[in-house]
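What follows is the residue order along each chain.
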Amino acid sequence: MPLDAQLLDILACPKCKGELEYRTGEDREALLCHACRLKYEVDEGIPIMLIDEARPL
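Bear in mind the structure is a predicted one, so any value in this text is a computation, not a measurement. (Residues numbered from 1 in each chain as written. Predicted model: local features only at pLDDT ≥ 70, side-chain atom pairs only at ≥ 80, totals over all residues. Heavy atoms only, no water.)

### A word on the environment of Gln6
Then, number 1: Counting through the fold element by element, Gln6 comes out in helix α1 (residues 5-10).
Then, number 2: Overall, the relative accessible area of 63% leaves Gln6 in the exposed class.
Then, number 3: For the pair formed by Gln6 and Ile46, sequence separation is 40 residues and the distance between their alpha carbons is 14 Å. (Helix = DSSP H or I, 4+ residues; strand = E, 2+ residues; numbered from the N terminus. Buried < 20%, exposed > 50% of the residue type's maximum accessible area, 1.4 Å probe, protein only.)

See the structure below:
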């Protein structure tokens, strides 16, 4: 389930407050912060925006 465009416009990286890139893969969705080099997973259409849960790029 793709994220709503309005939601994507207001989301920011919780660590640096920078822009996020929405990326969809084969079966996974994620929000990427290129400044922090972190990937925030999207689980069933819900972005997991916890710094401790983010994965390095």
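There's more to say after this.
### Considering the nonpolar core
Then, number 1: With 10 residues, the main nonpolar core is built from Leu3, Cys13, Leu20, Leu31, Cys33, Cys36, Leu38, Tyr40, Val42 and Ala54.
Then, number 2: Listed by contribution, the elements that provide at least two residues to this core are β2 (29-33) and β3 (38-43).
Then, number 3: Element by element, the count of residues in this core is highest for β3, at 3 residues.
Then, number 4: When near neighbours in sequence (up to four residues on either side) are disregarded, Leu20 contacts Leu11, Ala12, Cys13, Leu31, Leu32, Cys33, Tyr40 and Met49. (Core = buried A, V, L, I, M, F, W, Y, C linked by side-chain atoms within 4.5 Å. Contact = heavy atoms within 4.5 Å.)

### Remarks on the environment of Asp4
Then, number 1: Turning to its location among the elements, Asp4 is positioned in the segment before α1.
Then, number 2: For Asp4, a relative accessible area of 46% corresponds to the partly exposed category.
Then, number 3: Remark: the alpha-carbon pair of Asp4 and Lys17, spanning 13 residues in sequence, is separated by 19 Å.

### Focus: the pattern of salt bridges
Then, number 1: Applying the stated criterion across every chain yields a total of 3 salt bridges.
Then, number 2: Glu21 is paired through a salt bridge with Arg23; the nearest N and O atoms lie 2.9 Å apart.
Then, number 3: Note on Glu21: relative accessible area 29%, which makes it partly exposed.
Then, number 4: Given the relative accessible area of 42%, Arg23 is considered partly exposed.
Then, number 5: Through salt bridges with shared partners, one network takes in Arg28, Lys39 and Glu41. (Salt bridge = Lys/Arg side-chain N within 4 Å of Asp/Glu carboxyl O.)

Functional significance is not addressed by these values, which are geometric in nature.
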